[in-house]
Amino acid sequence: MGFFDFMTEDIAIDLGTANTLIIHNDKVVIDSPSIVARDRITGKIIAVGKEANMMQGKTHENIKTIRPLKDGVIADFDASEKMISMLIKSIPALKKRLFTPALRMVVCIPSGITEVEMRAVKESCERVNGKEVYLIHEPMAAAIGIGVDIMQPKGNMIVDIGGGTTEIAVIALGGIVCDKSVKIAGDVFTNDIIYYMRTQHNLFVGETTAEKIKIQIGAATEDLDSPPEEMQVQGRDLLTGKPKQVDISYREIAKALDKSIQRIEDAVMETLSQTPPELAADIYNTGIYLAGGGSMLRGLDKRISIKTDLPVYIAEDPLRAVVRGTGIALKNLNKYKSILIK
């Protein structure tokens, strides 16, 4: 194996609906939006990641932007494979290599995923020269990334709010005891904002703008300790057809997102109600951990805490918690062998 070890590179991938992150040599080397732009005529991929993201909603008929992952699973096999391979090729340390090295990968997948969807992820990775591909469930990776010792006989609850899915899991003894995966997450929040702007302000905004609103003034509750300033939002007036600008406060966004957040709360409550009593006792003491981009929504931790009567903690750098955990699992393959899916 010696010679091949030298030829093999280890990478950890968090293949997300909204963002794809890659760790190589303990560093996050790729952090880019999961989006590609394809030339309609030649069928070639002309941009990937940040570049393609800037084109979103601004394309003419010869360019199409595609988000290859939907609800946490691969929706466009061809585009996702091209995206993964282009991102791996753009890792600075691998650029210098004469030929693509064999790769040992750990990739994370949503917990509610079917066999077929799992195979799609695996095959995508094998086709970009992945010789050994391991899969890890997202809540598991998030827990490791947060710093929870998942092998202990102690219950921990993880809520990972990504772009396409919210993964809720109770973890103990290196396994998922009960989990729920709901398709209400960042993308749905964005669409809620678009719908709200349309119905309340007769203003048509694009996805990129709605995403900006969510990040700048998004909130889960109307009583925040330090509320953000009002935001000026530009879009197209649906009545006159002219471009126009409206001032929006965080309170309106809290209203717009309320229904979706309620559904996340309900899923958390349902998972708690399925938790075995001994683990419920542990969770009473340890509380709930939030990870993923959605956990950065202002006041969400407070809101879930009020609903569950439990302490709620947000992971540090929640956007990267999952990929950090995936990277740690890759580094200690032997320790985490039991939780990886080959």
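What you are looking at is a predicted structure, and each value in this text was computed from that prediction instead of being measured.

> Which parts of the structure should I look at to understand the sheet that holds strand S14 (residues 203–204)?
Sheets are built from strands paired through backbone hydrogen bonds, the pairs being either parallel or antiparallel. The strand order across the open sheet formed by 3 strands is S14-S15-S16, and the pairing between neighbours is antiparallel. Looking at the sheet topology across the chains shown, the edges are occupied by S14 and strand S16 (243–248). Of the strand pairs in this sheet, strand S15 (residues 231–237) and S16 are connected by 6 bridges, and their pairing is antiparallel. Opposite Gln232, over in S16, you have Asp247 as the bridge partner.

> So what exactly am I meant to see when it comes to the pairing of strand S5 (residues 45–48) here?
One face of the sheet, then the other: side chains in a regular strand alternate in exactly this way. As defined by bridge partners, strand S4 (residues 36–39) adjoins S5 across 3 bridges and the pair is classed as antiparallel. By the bridge assignment, Arg38 is partnered in S5 with Ile45. Two successive antiparallel strands, S4 and S5, enclose a turn made up of 5 residues, where Gly43 displays a positive phi of approximately 80°.

> Help me understand the packing of helix H3 (residues 77–89) against helix H5 (residues 115–127), please; the structure alone is not making it clear to me.
Describing two packed helices takes the angle between their axes plus the distance from one axis to the other. In contact at an axis separation of 9 Å, H3 and H5 are set at 45° when each is read in the N-to-C sense. Classified by the angle between their axes, H3 and H5 sit oblique to one another. Taken as a pair, H3 and H5 cross one another with a handedness that is right-handed. Of H5, the residues touching H3 (which contributes Phe77, Ser80, Glu81 and Ile84) are Ala120, Glu123, Ser124 and Arg127. Split by residue class, the contact of H3 with H5 holds 3 nonpolar, 2 polar and 3 charged.

> What exactly am I supposed to notice about unusual backbone geometry here?
Glycine aside, residues mostly have negative phi, and peptide bonds are mostly found in the trans state. In this model, Asn202 sits at a positive phi of 50°, which is unusual for a non-glycine residue. Relative to the helices and strands, Asn202 resides in the loop between helix H7 (186–201) and S14.

> Which parts of the structure should I look at to understand the packing of aromatic side chains?
Given two aromatic rings, one states the distance between the centres and the angle between the planes to describe the pair. Counting across every chain of the model gives 1 aromatic pair. Seen from their ring centres, Tyr289 and Tyr313 are 5.8 Å apart, and the 35° between their planes marks the pair as tilted. Residue Tyr289 is found in strand S17 (residues 288–291), and its partner Tyr313 is found in strand S18 (residues 312–314); the two are separated by 24 residues along the sequence. Using a relative accessible area of 19% as the deciding quantity, one classes Tyr289 as buried.

> Looking at this model, I keep getting lost on the UniProt feature "binding site: ATP" (unreviewed entry) in the protein. Mind explaining?
Using the residue numbers shown here, the UniProt feature "binding site: ATP" (unreviewed entry) corresponds to Thr17, Ala18, Asn19, Gly163, Gly164, Thr165, Glu211, Lys212, Ile213 and Lys214. The topology assignment puts Asn19 in strand S2 (residues 19–24). Residue Asn19 is classed as partly exposed on the basis of its relative accessible area of 30%. Leaving out residues up to four positions away in the same chain, Asn19 has contacts with Asp14, Ser32, Pro33 and Ser34. Positionally, Thr165 belongs in the loop between strand S11 (156–161) and strand S12 (166–172). When residues no more than four places from it in sequence are discounted, the contact partners of Thr165 are Asp71, Gly72, Pro110, Glu138, Asp160, Ser181, Val182, Lys183, Ile184 and Ala185.

> Looking at this model, I keep getting lost on the layout of surface pockets. Mind explaining?
Using a probe with the size of a water molecule, rolled over the atoms, empty space left in the structure can be pinpointed. If you add up the space inside the second largest pocket, you get close to 270 Å³. Around the second largest pocket, the lining is made up of 13 residues, and of these Ile23, Asn25, Asp26, Gly327 and Lys331 lie nearest the centre. Elements represented by at least two residues in the lining of the second largest pocket include exactly strand S1 (8–15), S2, strand S3 (27–33) and helix H12 (321–331). For the lining of the second largest pocket, the element with the highest residue contribution is H12, accounting for 5 residues. Considering only residue class, the lining of the second largest pocket consists of 4 nonpolar, 3 polar and 6 charged.

Cut-offs used in this document
- Here the residue numbering is sequential within each chain, running from 1 through the sequence in written order.
- Local features in this predicted model are restricted to residues whose pLDDT is 70 or higher, and side-chain atom pairs enter the listing and the counts only when it is 80 or higher, whereas totals over whole chains, interfaces and linings include all residues.
- Excluded from the side-chain calculation are hydrogens and water; included are all heavy atoms of the structure.
- Think of it this way: DSSP has to see at least two bridges between two strands before they count as a pair.
- Secondary structure elements follow DSSP: runs of H or I no shorter than four residues count as helices, runs of E no shorter than two count as strands, and numbering proceeds from the N terminus.
- In this analysis, axes come from line fits to C-alpha atoms, helices being fitted only over the stretch in contact, and the angle between any two N-to-C directions falls in the range 0 to 180 degrees.
- Note on angle classes: values under 35 degrees are labelled roughly parallel, values over 145 roughly antiparallel, values of 65 to 115 roughly perpendicular, and the remainder oblique.
- Crossing chirality is assigned from the near helix's rotation relative to the far helix, an anticlockwise turn below a right angle marking it left-handed and a clockwise turn marking it right-handed.
- For this analysis, residues touch if any pair of their heavy atoms sits within 4.5 Å.
- Residue type decides the class: Asp, Glu, Lys and Arg count as charged, Ala, Val, Leu, Ile, Met, Phe, Trp, Tyr, Cys and Pro as nonpolar, and the leftover types, Gly among them, as polar.
- Two aromatic rings from Phe, Tyr or Trp, using only the six-membered ring of Trp, form a pair when their centres are within 6.5 Å; if the ring planes differ by under 30 degrees the pair is stacked, by over 60 it is edge-to-face, and anything between is tilted.
- For each residue, the accessible area found with a 1.4 Å probe, counting protein chains only, is set against the maximum for its type, and the residue is called buried under 20%, exposed over 50%, and partly exposed in between.
- UniProt positions are given in the numbering used here, feature names are shortened, and annotations may be inferred rather than shown by experiment.
- Only protein atoms enter the 1 Å grid used here, on which a cavity is any set of points holding a 1.4 Å probe that cannot leave and a pocket is any open set flanked by protein within 12 Å on both sides along at least five of seven lines; residues with an atom within 4 Å of a point are listed as lining.
- Grid points are joined across faces, edges and corners, and a volume is the space filled by probe spheres set on the points.

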